[in-house]
Amino acid sequence: MKKEIIISGFGGQGVLSMGKILAYSGLMEDKEVTWMPAYGPEQRGGTCNVTVIVSDDRVSSPILSKYDVAIVLNQPSLDKFEPRIKPGGILIYDGFGVINPPKRKDIEVYRVNAMDKAAEMKNSKVFNMIVLGGLLQVCPVVTLNGLEKALYKTLPERHHGLIPLNMEAVVEGQKIIEKQ
């Protein structure tokens, strides 16, 4: 198994955190991983992205031009990365952040209304974990157990009390993702 994933959205949406948690989840399960963030002065408010590769075998290069999976959280990210998904690949988008839905017919397209669910859960900070749950539902590159271990590894100890809420958000994301 090898999945080449791009996650993209506005700075502040938890894009880089989501990628880091996904990469650490792979490490917790003894997989080979790469995590390559891309951001600059646009970190807060501009578009940023992170490439994550999770594989059973060694990863030759973290630099990709095509992806198996794209998670896009805003319209500029959809416009940029929809053409770069491999035929037969997966596109996951947040219904709140994307105005013009994806057009390709040779990929699987999923919508996750993570912003709405985060508001329902009364915590906007779990938005990215809801999206991550959607990913794991349609493309289980790591297990929930590995993900929980990764949260303990990546979050500062003072935030470990929030891990149950984060895991609840992941489960909610698994429930609400819908094929388009």
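Procedures and definitions
In every chain, residue numbers begin from 1 and rise along the written sequence. Local features in a predicted model are, by the rule used here, given only for residues with pLDDT of at least 70; side-chain atom pairs are given and counted only at 80 or more, and totals for whole chains, interfaces and linings are based on all residues. Remark: hydrogens and water are excluded; side-chain values derive from all non-hydrogen atoms of the structure. Any Lys or Arg side-chain nitrogen found within 4 Å of a carboxyl oxygen on Asp or Glu counts as a salt bridge. A helix here means a DSSP run of H or I that spans at least four residues, while a strand means a run of E at least two residues long, and both kinds are numbered starting from the N terminus. Throughout this description, buried means an accessible area under 20% of the type-specific maximum (1.4 Å probe, protein chains only), exposed means over 50%, and partly exposed covers the range between. Where helices are involved, their axes are fitted lines through C-alpha atoms of the stretch in contact, as for all axes, and angles between N-to-C directions lie from 0 to 180°. Crossing handedness is read from the near helix: turned anticlockwise from the far helix by less than a right angle, it gives a left-handed crossing, and turned clockwise, a right-handed one. Residue contacts follow a heavy-atom distance rule, with two residues in contact if any of their heavy atoms lie within 4.5 Å. Residue type decides the class: Asp, Glu, Lys and Arg count as charged, Ala, Val, Leu, Ile, Met, Phe, Trp, Tyr, Cys and Pro as nonpolar, and the leftover types, Gly among them, as polar. Aromatic pairing here means that ring centres of Phe, Tyr or Trp (its six-membered ring) are within 6.5 Å. Orientation follows from the plane angle: under 30 degrees is stacked, over 60 is edge-to-face, and everything else is tilted. Here the expected length of a helix is defined as 1.5 Å per residue gap, with one fewer gap than residues.

This next bit is on the pattern of salt bridges. Enumeration over the complete set of coordinates arrives at nine salt bridges. Here Lys86 ties to Asp68 by a salt bridge, and the two come within 3.2 Å at their closest N and O atoms. One end of the pair, Lys86, is in strand S5 (residues 85–94); the other, Asp68, is in strand S4 (residues 67–72), and 18 residues separate them in sequence. For Lys86, a relative accessible area of 27% gives the class partly exposed. Residue Glu172 pairs with Lys175 through a salt bridge whose shortest N-O separation is 3.4 Å. Here Glu172 and its partner Lys175 are both found in helix H6 (residues 163–176), three residues apart, which amounts to about one turn of the helix.

The geometry of helix H5 (residues 144–154) relative to H6 is characterised by a closest axis approach of 10 Å and an angle of 145° between their N-to-C directions. The interaxial crossing formed by H5 with H6 has right-handed handedness. Contacts between H5 and H6 involve Leu144, Leu147, Glu148, Leu151 and Tyr152 from the first element and Ile163, Asn166, Met167, Val170 and Gln174 from the second. Here the contact of H5 with H6 is built from residues that sort into seven nonpolar, two polar and one charged.

Okay, the packing of aromatic side chains next. Tallying each qualifying case throughout the model produces one aromatic pair. On the numbers, 6.0 Å between centres and 80° between planes, the contact of Tyr67 with Phe81 is edge-to-face. Within this pair, whereas Tyr67 is found in strand S4, its partner Phe81 is found in helix H2 (residues 75–81), the two being separated by 14 residues in sequence. Here Tyr67 and Phe81 have matching classes, each one buried.

So, on to H6. Residue pairs three or four apart in sequence face the same way in an α-helix, which turns once every 3.6 residues. When the terminal C-alpha atoms of H6 are compared, their 20 Å separation across 14 residues agrees well with the 20 Å that a helix rising 1.5 Å per residue should span. Every buried residue of H6 is listed here: Ile163, Asn166, Met167, Ala169, Val170, Glu172, Gly173, Gln174 and Ile176. Elements in contact with the buried residues of H6: strand S6 (108–112), helix H3 (114–120), helix H4 (127–138), H5 and strand S7 (178–179).

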